[in-house]
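Breakdown of the fold
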Amino acid sequence: MSVFKTLAAALTINLLATVPSFSAGTRAVLLTDKIGVLVSENNGKSWNRFTDGLPGDINPLSITVDAAGGLYLLTRHSGAFGRPRGASAWRALGGEQFRLRSELHPERYRKITAFAVDNARPGVLALATKHALYRSRDHGRNWTDVPMRAIEHNHYITALAFGASGVLYAGTSFHGIYRVTDRGLVPSSAGLPREPYSADVSFHEEIGAIAADASNPDLVYAGLNFGGGLYGSRDGGRSWKNLGTPPGSTTEQLIGELRAGSDSLFVSAGAAVWRLNLRTGVWSELKVERVMRRVPPGVNPLVLLTLEGTGAYPPLFYRIGTPEIRRGNDFRARAAGKKALYAGIPAVRRNLAGLIATVHACGMNSMVIDMKDDQGNLYFPTNDETALRSGAARKPIDVRAVLGALRREGIYSIARVVVFKDPNLFRYDNHRHAIWNARTNSPWRGSEGEYWVDPHSPLVQEYNIALSRELAALGFDEIQFDYIRFPSDGPTHLCRYRHRRLGDGFKSEVIGDFLARAKRTLSVPLSVDIYGFNAMYRFGNWIGQDVEEIAAIVDAVCPMVYPSHFGGRYYRRFPGDEHPYRIVLDSGVRARVITGDGAPMRPYLQAFKMLSPTWGPGYIRSQVNGVVESGVSGYTFWNAKGEYDMVRRAASGTGTAER
């Protein structure tokens, strides 16, 4: 009987076994939030700092070891470091190619999202910084780019591993697995689960880790995040079979690392490490309570690497904590827990009292109001020169009266500002700030009715920041940026960004710099709207919305998770009202995990009938239940016309379907 058949049979029994404790001579390496790196040579009885050669604030992510006992430390903003066994200090790996392309933080490095050591070929390493892949053949002194043409601009590398034959495997956030060869990237995901999106598009689950059997070049394993399970390949990654999931797996679980042996697979899942006996199918947990009980007081442990003294187990990786959130002020607390209605200007002029009544009737506490709309028009008094010269300053509403009415009713006010879709700024100064068409040498146009300006333009950025400062001064409790992205529709391959200053920067780095500039100058919380899909996956460099990076800057993130706006086949395995519930639920859970519970998530929910066969009060309640059970912080209902009768019916408990 084959290994996989034996395993499948054993998994149905779901056996668990106990595992002996680690030996007294176990070496432990601990990554901490504040101190950096600690090492114990005696199973945690005593700890020593292991920080020589490291910068002061390294933001550690993970650590791995090579066959000779050398350590490799990966960080969020400080790069990668190596320390051979017996060396007296860490050494930085690589240089300028790993730097963050940022005008605000040029000293920082890009987040390292995957790393691999080729133990069969000393000195051969691979490293990924989200959307870029590098290889070194001299222990990290020099690096060369690996072309990623097959998935250029629309990928995010999450896992790397070398096979026994030297082939490099790359796992991604939704494209599955590739074999990296001299001829390019070869898709290697046959048999891995897919989530249908539309008739011709589907997505893979995020690859958390890959491992290869050192003695068999054809045997490869993959661990899928968010409870996706384990998969094995017997043909070098050309096809995959399901091997089950570690006990207690949940949709909040990330795979930290896989280690393959001759008869065992070791799986780091959350704070636990499980050993799967590939011959018997028995799971056993390897616990580190003894080590962790001896951690020095006052330390916030993040990651533990154990190197068993007798060699009974391979190096094992435990993700045991999350970094403490450094807020610096109470803006995130002020933005948390807000339940809002969106109100366009026509609805505010027509029926502000009715909107306020709906907020109270539905147990809400906030209102989002357009102050700069999708046409670039402003609805508040301004003396901004660009606004006046571009024709954006239209007839304003009595903002102070509106804010006074909301304040008297105890309603939190949020000013919506549409940023990079702006017809007025598109035409301003002879299209100087428009995205340009590389083929026609004229302003670029995407979808009908959409006019996009260049996100790199200093004037575009400063204009929107200046308007936001004016809105804060008028008395709004929060500023919310919408269309904070690059265009997604139309011939985007023809877009030329004439104001681009850092030629090889990621789009997400442009967005991040802009948000950081805005955040520095605002006296109220800042929130950002993003595509709902970008909260469920670590998305690529397509439109620049990296939810993890955005959540590290702003005070609230608002994914637009309208079930109607996902592909027609997406999550259709859940019927009826369970469909909107599951989309909202899983979006919230995954966004929280991806961002590490950074900025509060406040999703936009659907309050309109579009493409919703089960539309009715139950549809509304299903979305709210998904919000509550996902653990996110509040929500906003969107109806472009400001018509919220169905929301009121849902809140009152009347009706199950539209009448």
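As a starting point, this report considers the structure included with it. Just so we're clear, the structure is a prediction, and the values are computed from it rather than from any experiment.

Remarks on the overall build of the protein
- Check the secondary structure of the protein and you find 13 helices and 39 strands.
- Relative to a compact globule of 659 residues, whose C-alpha radius of gyration would be 26 Å, the protein shows 26 Å and is just as compact.
- Its C-alpha atoms give the protein principal-axis dimensions of about 75 × 55 × 50 Å.
- Relative to its full complement of 659 residues, the protein shows a buried share of 61%.
- Pairs at least 24 apart in sequence give 65% of the contacts found in the protein among residues at least 6 apart.
- Just so you have it, the protein exposes about 26,100 Å², and 49% of that area is on carbon and sulfur atoms.

So, the nonpolar core
- Counting residues in hydrophobic clusters, the biggest one holds 105 residues, and the most contacted among them are M367, M371, I479, F481, L515 and F637.
- Dropping the residues within four chain positions of it, M371 is found in contact with I345, N377, L378, Y379, F380, I397, V399, A415, R416, L471 and F476.
- I58, V65, L73 and F317 belong to the second-largest nonpolar core, a separate cluster that totals 18 residues.

Details of the pattern of salt bridges
- Following the criterion strictly, the structure yields 29 salt bridges and no others.
- Across the pair R110 and E509 runs a salt bridge, and its minimum N-O distance is 2.7 Å. Placement of the pair is R110 in the loop between strand 8 (91-93) and strand 9 (114-117) and E509 in helix 9 (residues 507-521), with a sequence separation of 399 residues.
- Given a relative accessible area of 4%, R110 falls into the buried group.
- As a salt-bridge pair, R590 and E205 come within 2.9 Å of each other at their nearest N and O atoms. Of the two residues, R590 sits in helix 11 (residues 578-595) while E205 sits in the loop between strand 18 (202-204) and strand 19 (207-212), which places them 385 residues apart along the sequence.
- Owing to a relative accessible area of 6%, R590 belongs among the buried residues under this scheme.
- Overall, E205 belongs to the buried group, its relative accessible area being 17%.
- Because the salt bridges share partners, they merge into one network encompassing D370, D374, R416, K421 and D482.

Considerations on the environment of P122
- By the secondary structure assignment, P122 is in the loop between strand 9 and strand 10 (125-129).
- With a relative accessible area of 67%, P122 lands in the exposed category.
- Linking P122 and R137, residues 15 residues apart in sequence, is a C-alpha distance of 8.2 Å.

Here's the deal with the sheet that holds strand 20 (residues 220-224)
- Spatially, four strands are ordered 19-20-21-22 in an open sheet, and the strand pairing comes out antiparallel. The outermost strands of the open sheet, each flanked by one partner alone, are strand 19 and strand 22 (241-244). Across the sheet, the mean angle from the axis of one strand to that of its neighbour is 25°, orientation sign disregarded.

Some thoughts on the pairing of strand 19
- Across the six residues of strand 19, six count as buried, placing the element largely inside the fold.
- Looking at chain direction, strand 19 and strand 20 are connected through five bridges and run antiparallel. Bridged to I207 within strand 20 is L224.

Side note on the packing of aromatic side chains
- Applying the stated criterion across every chain, the model contains 33 aromatic pairs.
- Look at F203 and F533: their rings are 4.8 Å apart centre to centre, the planes differ by 50°, and that puts the pair in the tilted class. A residue pair is termed long-range when its members are at least 10 positions apart, and F203 in strand 18 and F533 in the loop between strand 36 (526-531) and helix 10 (547-551) qualify at 330 residues.
- Site record: aromatic cluster; members linked through ring pairs are F174, Y197, F203, Y531, F533, Y537, F539, W542, F566, Y570, Y571 and F574.
- Its end group placed over the ring of Y451, R427 keeps NZ or CZ at 5.8 Å from the ring centre.
- The ring of Y537 carries R590 above its face, with NZ or CZ at 4.8 Å from the centroid.

Reading the values: the criteria
- Numbers given for residues are sequential positions, taken from 1 along each chain in its written order.
- Local features in this predicted model are restricted to residues whose pLDDT is 70 or higher, and side-chain atom pairs enter the listing and the counts only when it is 80 or higher, whereas totals over whole chains, interfaces and linings include all residues.
- For the side-chain quantities, the full set of heavy atoms in the structure was used; hydrogens and water were omitted.
- Each helix is a run of DSSP H or I of at least 4 residues and each strand a run of E of at least 2, with the numbering of both proceeding from the N terminus.
- All radius of gyration figures rest on C-alpha atoms, and the globule criterion is 2.2 Å times the number of residues raised to 0.38.
- The buried label applies to any residue whose accessible area, calculated with a 1.4 Å probe on protein chains only, is under 20% of its type's maximum; exposed applies above 50%, and partly exposed to all values in between.
- What makes two residues a contact is simply this: any of their non-hydrogen atoms within 4.5 Å.
- Where accessible areas are quoted, they stem from the Shrake-Rupley method and a 1.4 Å probe; at the residue level, only the protein chains shown are allowed to cover.
- Only buried residues count toward a nonpolar core. Its members are Ala, Val, Leu, Ile, Met, Phe, Trp, Tyr and Cys residues joined through side-chain atoms within 4.5 Å.
- When a carboxyl oxygen of Asp or Glu lies within 4 Å of a side-chain nitrogen of Lys or Arg, that pair is called a salt bridge.
- When DSSP finds two or more bridges between a pair of strands, those strands are recorded as paired.
- Fitting a line to C-alpha atoms yields each axis, with helices limited to the stretch in contact; the angle taken between N-to-C directions then spans 0 to 180 degrees.
- Only the six-membered ring of Trp is used, alongside the rings of Phe and Tyr, when aromatic pairs are assigned; centres must lie within 6.5 Å, and planes under 30 degrees apart are stacked while those over 60 apart are edge-to-face, with the rest tilted.
- Here, a charge over a ring means that NZ of Lys or CZ of Arg falls within 6 Å of the ring centre while also lying within 35 degrees of the ring normal.

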